[in-house]
Amino acid sequence: MNVQTPVEQLKPADYASDQEVRWCPGCGDYAIVKSVQRTMAELQLAPENSVFISGIGCAARFPYYMATYGFHTIHGRAPAIATGTKLANPELDIWVVMGDGDCLSIGGNHTLHALRRNVDIQMLLFNNEIYGLTKGQYSPTSRLGTRSPSTPQGSIDAPVNATVFALGAGARFVARSVDTNQKHLPVMLKRAHAHRGASFVEIIQNCIVYNDGAFSGWTDKAAAADSQIQVEHGKKLVFGKDGDKGLRLDPATLSLEVVTIGENGIGEDDILVHDETNRLLANLLGSMEHPEFPVAIGVLYCDPAETYDAAVHRQIGETLEKTPPTDLNTMLRRGRTWTVAPG
Amino acid sequence: MATKLVDTPSGGESQRESVDSVVIRFAGDSGDGMQLTGTQFTQSTALMGNDLATFPDFPAEIRAPVGTTYGVSAFQINFASYDIMTPGDAPDVLVAMNPAALKVHLRDVPKGGTIVLNTDAFTNRNIAKAGFEANPLEDGTLDNYVTVEIDIQKMTLASVAGIGVTNKEAVRCKNMWALGLMCWMYDRDRQPTVDWIEQRFGKRAPEIAKANIAALNAGHAYGETAELPSGIPAYIVPKADVQPGVYRAVTGTEAVAWGLVTGAHKAGIPLFFGSYPITPASALLHNLSNLKQYGVTTFQAEDEIAAVCSAIGASFAGSIGVTSSSGPGVALKTEGITLAFAAELPLVIVNSQRGGPSTGLPTKTEQSDLYQAVYGRNADSPLPVVASCTAGDCFFAAIEAVRLAVTYMTPVILLTDGYLANAAEPWEIPDVDDVADFKIDFAAGSEEFHPFLRDEKTLARNWAVPGTPGLMHRIGGIEKSYDTGHISYDPENHHRMTKVRAAKVDGIADDIPLQEVAAGPSTGKLAVIGWGSTFGAINQAVERSLAAGLDVAHIHIRHIWPLPRNLGELLAGYDRILVPEMNNGQLITVLRDRFLVPAEGLNQISGLPFKVSDLEAAIRERLESQP
């Protein structure tokens, strides 16, 4: 058997289209597109089999900058369109790019159902907690009290937590990363890509114009070590500059608490070990908010199951086996017919 | 072991009165199985070689409270020894299973008509519930009708005694008893129903199968042996003289499903169907879900929007994406439809119209979504609109919708309605090989490519599907450059693109048949212009008027948009134009707008099909009055 090696390795730049990128200078989306192109090059993904599907918003311009197939659709509907594309051709490798309004406001229903069905697509949420393209209104992920053109006195509705929403919807893969964390984000993208089924990745993204610094309290380099926890399957949930902080489960309240190893009789054995197949733990980790808790980044949950597209085609296969297709004239004559003789 | 009925000597031909046509209406509670009874009677009648048309008329409630007028479900069948086109204006025979059914349907039975009544249901409570002040069997209400009063429930219970079914199951067999009686009265073969019962219950519940068959036979035997009141002979309806060929009964929904499958095969691509349940369109989803072996993928989406979007996503991947709904659902799909229009992807939207607006009359028929189909989108986004006119025609209309969608890279709206979707008619099964192929050539590598390069003749853009090496490209709802296909906000370019999209759709008029006259002369005093499911009623009314020597023609428009090129000229040849529609006047607006003709409307917005007699009267009235 011949093993074919590609004549030329594709580089990150080979995944970039010839279109001029039109995001605001300094936008976090630049870092994300770079990360995605790097990841695709590392995996040597075939551009002709890769499809980027987006809705509407700043993030939704993403497909235009990729030298793959792309479909810039309508607000909130990218998961529904991607579902049709995947069912029509399960061989395609489909990435859905969404902003927070796109994914969780107008498209919340489609996000819910694509996750619940477990369609084999990568769903990237660029969460900047604000509407950018429509000029700065608060979004469904904006924190309470967010002042914006539409909420001059501050927003009064509680935000949705994207990862907890995804878990509640029945997602089998949920991860979180940060736009500028170029070490971490490609790892998450690779994990998402490797997962068969709907992979939901929340990418914390800074909007430099309308919500600049919204996350800097825990994403800035200086703050990161003490305010983020990188979760990894099978490893202890520890964080901090000195690696001496950790998460412990309070069994009385079924809640997490931050503890310091070596203080108050806390030993290493008290610290929880991350199990990415534990949905309850994933919910607890996803719910942690700065500054009370470190923000969890990494694969919060991964527990594969049969994908929707595979199941759809399995049923088609079963049908073909049980009742092979006839020619169409025979199809029209199934069931009761009668013949009127001439004369 | 299949039950074979032994031939019982039917009341020989000499004792049967021969009639050319009969209209029977079965009516009862929505739980009484009237739709089933009607469907089985239809099957037998089709196999007997009569021409027929049916009209199922049922409430929106699945099981409305027993005995109420709003829970009445009815099924009308018209069958004849000649070519018929409508389910009939008025029933010759009404089978009323309870007082509510009598209350609702009595007004439609002409004086002298026959009414079969299930007396058991005429309790004081049911009589009051139906809104009668006194027992209609006793107070003279039915004096002008021929009534057959039978305690059907008692007879049914007696016929199934000893079979081992519960009382509730036994009572449920009374529709089969009534069917058996009707089979005797009109000399229908019970065997198809017996076969159906065994197929349905045989394995799962042999006792229930046995009980149903016993009730069916008992109803038949009752007709043979009982002394029915005078004036109720047994009838025979001779076979219709129809075109030789192989026939089947078909509903519009079945025909649309087969037409879509056939269209996809003619295009050489898979069919993807994304839909969300809505009355009366859901049956199409059910039908296609059972045709998976023919290259069909079905998807029950989370909502109407996801339904159309999934279909668009499938078209993007190289299938013919199809979605279906009724008016309110199509409204929700509108944004998706305009995306497909802007991205120039093929898409078929099937609208089984129902009474509206809003929830309106979900189970009743109407033609009130023509404006929505022709005009109902934001921006300059004209779409081809095709309207099928009979159940059988739904097959060809669906093929045509697929052909236009893939040939012109555009969404196409296919209009049917609740009547077409549910009603059955005998259908001479066509030879699929007679339908020309319209195979798709996807763009392949190496050639000069951008996604909005157009075919010179059709103006359709290139279709390259993901997975094709070398043709990676991006499409979307943002305006694109005519020359490169990339995003463009250039003012002149937008003007040009809007014009070319409109010209593409308008050009379809050169690729559809010229308008023909369905009946009558091609110039004259009066043309009756119809579209959609009113075909049968209008055609019959015009034929009868022609036979009476009136100067009238019938023109039925299938291509609502773009209209046939010769239609304006054709309309100019008539002094007056009458446009009957089951809406408040919609096609009429389009005709006046396009051709500046003084058309007059005839509008019936009752949720019911036109009666032939009403149309005949309207034709006569127009010809006798001054314009």
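Just above sits the structure.
The following refers to the structure shown. (Residues numbered from 1 in each chain as written. Chains lettered and ligands numbered in written order. Predicted model: local features only at pLDDT ≥ 70, side-chain atom pairs only at ≥ 80, totals over all residues. Heavy atoms only, no water.)

1. What to know about the overall build of chain B
Within chain B, the regular secondary structure consists of 20 helices and 22 strands. The C-alpha radius of gyration computed for chain B amounts to 27 Å, which stays within 12% of the reference 25 Å derived for 627 residues, consistent with globular compactness. Each principal axis of the C-alpha atoms in chain B carries an extent, and together these give about 85 × 65 × 45 Å. For chain B, buried positions account for 62% of its 627 residues. Counted over contacts in chain B with a minimum sequence separation of 6, partners at least 24 positions apart contribute 77%. In the structure as shown, chain B presents an accessible area of about 23,600 Å², 50% of it carried by carbon and sulfur atoms. Placing the 48 positive and 71 negative side-chain charges of chain B at their respective mean positions leaves the two points 5 Å apart. (Helix = DSSP H or I, 4+ residues; strand = E, 2+ residues; numbered from the N terminus. Rg over C-alpha atoms; globule rule 2.2 N^0.38 Å. Buried < 20%, exposed > 50% of the residue type's maximum accessible area, 1.4 Å probe, protein only. Contact = heavy atoms within 4.5 Å. Areas by Shrake-Rupley, 256 points an atom, 1.4 Å probe, with all protein chains shown as cover. Lys, Arg positive; Asp, Glu negative; His and termini not counted. Charge placed at Lys NZ, Arg CZ, Asp CG, Glu CD.)

2. Looking at the nonpolar core
Counting 160 residues, the largest nonpolar core has Phe-71 and Leu-285 of chain A together with Leu-260, Leu-288, Ile-320 and Ile-529 of chain B as its most contacted members. In terms of residue count, helix H14 (residues 393-408) of chain B provides more of this core than any other element does, eleven residues in total. Once residues lying within four places of it in the same chain are set aside, the contact partners of Leu-288 of chain B are Ala-257, Leu-260, Val-261, Leu-271, Phe-273, Val-296 and Thr-298 of chain B. Val-22, Ile-163, Met-176 and Ala-215 of chain B belong to the second-largest nonpolar core, a separate cluster that totals 51 residues. (Core = buried A, V, L, I, M, F, W, Y, C linked by side-chain atoms within 4.5 Å.)

3. Quick look at the environment of Leu-102 of chain B
All names here are of chain B. When you line up the elements, Leu-102 lands in helix H2 (residues 99-105). Looking at Leu-102, the relative accessible area reads 0%, which means it is buried. As a C-alpha pair, Leu-102 and Thr-69 span 33 residues in sequence and 9.0 Å in three-dimensional space. Excluding residues within four positions of it along the chain, Leu-102 makes contact with Leu-94, Ala-96, Ile-115, Leu-117, Phe-122, Phe-132, Pro-136 and Leu-142.

4. Some words on the sheet that holds strand E6 (residues 199-204) of chain A
Strand order in the open sheet formed by nine strands is E7(A)-E11(A)-E5(A)-E6(A)-E4(A)-E3(A)-E1(A)-E2(A)-E17(B), with mixed pairing between adjacent strands. Edge strands, defined here as strands with exactly one partner in the open sheet, are strand E7 (228-231) of chain A together with strand E17 (474-476) of chain B. Strand-to-strand twist of the sheet, defined as the mean angle between neighbouring strand axes without regard to direction, takes the value 20°. Pairing of strand E5 (residues 173-178) of chain A with strand E11 (residues 295-302) of chain A involves four bridges; the strand directions are antiparallel. Each residue of the ladder has a partner; that of Ala-175 of chain A, found in E11 of chain A, is Val-299 of chain A. Sheet contacts for helix H9 (residues 279-287) of chain A: E5, E7 and E11 of chain A; angle to E11 of chain A, the most-contacted strand, approximately 160°. (Pairing = 2+ DSSP bridges. Axes fitted to C-alpha atoms, helices over the stretch in contact; angles between N-to-C directions.)

5. Details of the side chain of Ser-44 of chain B
All names here are of chain B. Following the sequence through the fold, Ser-44 ends up in helix H1 (residues 34-47). Here Asp-189 takes part through its backbone oxygen, which lies 2.8 Å from a polar atom of the side chain of Ser-44. Those residues within four positions of Ser-44 in sequence are excluded, and the remaining contacts are Arg-188, Asp-189, Pro-192 and Thr-193. (Polar contact = N/O pair within 3.5 Å; in protein donor to acceptor, adjacent residues only side chain to side chain.)

6. Examining the sheet that holds strand E22 (residues 599-603) of chain B
Residue and element names in this part refer to chain B. What the four strands build is an open sheet, ordered E19-E18-E21-E22; its pairing is parallel. Only two strands of the sheet have a single neighbouring strand rather than two, namely strand E19 (552-557) and E22. The sheet shows a mean angle of 25° between the axes of neighbouring strands, direction not considered. Of the strands in this sheet, strand E18 (524-531), E19, strand E21 (574-581) and E22 touch helix H19 (residues 587-595), which is tilted by about 150° from E21. Contacting E18, E19, E21 and E22, helix H20 (residues 612-624) crosses the sheet at an angle of about 145° to E18.

7. Thoughts on the pairing of strand E4 (residues 122-127) of chain A
Residue and element names in this part refer to chain A. When you tally the buried positions in E4, you get six out of six residues, the bulk of the element. Neither face of E4 is exposed, since Gln-122, Leu-124 and Phe-126 on one face and Met-123, Leu-125 and Asn-127 on the opposite face are all buried. Pairing analysis gives five bridges linking strand E3 (residues 93-99) to E4, with the strands arranged parallel. Paired with Gly-99 across the bridge in E4 is Phe-126. With six bridges joining them, E4 and E6 adopt parallel strand pairing. Residue pairing for E6: Leu-125 is matched across the bridge by Glu-202.

8. Points about the packing of H1 of chain B against helix H6 (residues 174-185) of chain B
All names here are of chain B. Between H1 and H6, the least distance of the axes is 10 Å, while the angle of their chain directions is 30°. The orientation of H1 with respect to H6, classified from their angle, is roughly parallel. Relative to H6, the crossing made by H1 is right-handed. Note on element contacts: H6 touches H1 through Asn-175, Met-176, Leu-179, Met-182 and Cys-183, opposite Met-34, Leu-36, Thr-37, Gln-40 and Phe-41. (Parallel < 35°, antiparallel > 145°, perpendicular 65-115°, else oblique. Left-handed = near helix turned anticlockwise from the far one by under 90°.)

9. Digging into the pattern of salt bridges
Residues and elements named next belong to chain B. Enumeration according to the criterion identifies 34 salt bridges over all chains in this entry. The residue Asp-483 makes a salt bridge to Arg-496 at a minimum N-O spacing of 3.8 Å. One end of the pair, Asp-483, is in the loop between E17 and helix H16 (491-507); the other, Arg-496, is in helix H16, and 13 residues separate them in sequence. Exposure remark for Asp-483: the relative accessible area of 55% places this residue in the exposed category. Arg-496 gets classed as partly exposed once you look at its relative accessible area, which sits at 40%. Linked by salt bridges that have partners in common, Arg-576, Glu-600, Glu-621 and Arg-622 make up one network. (Salt bridge = Lys/Arg side-chain N within 4 Å of Asp/Glu carboxyl O.)

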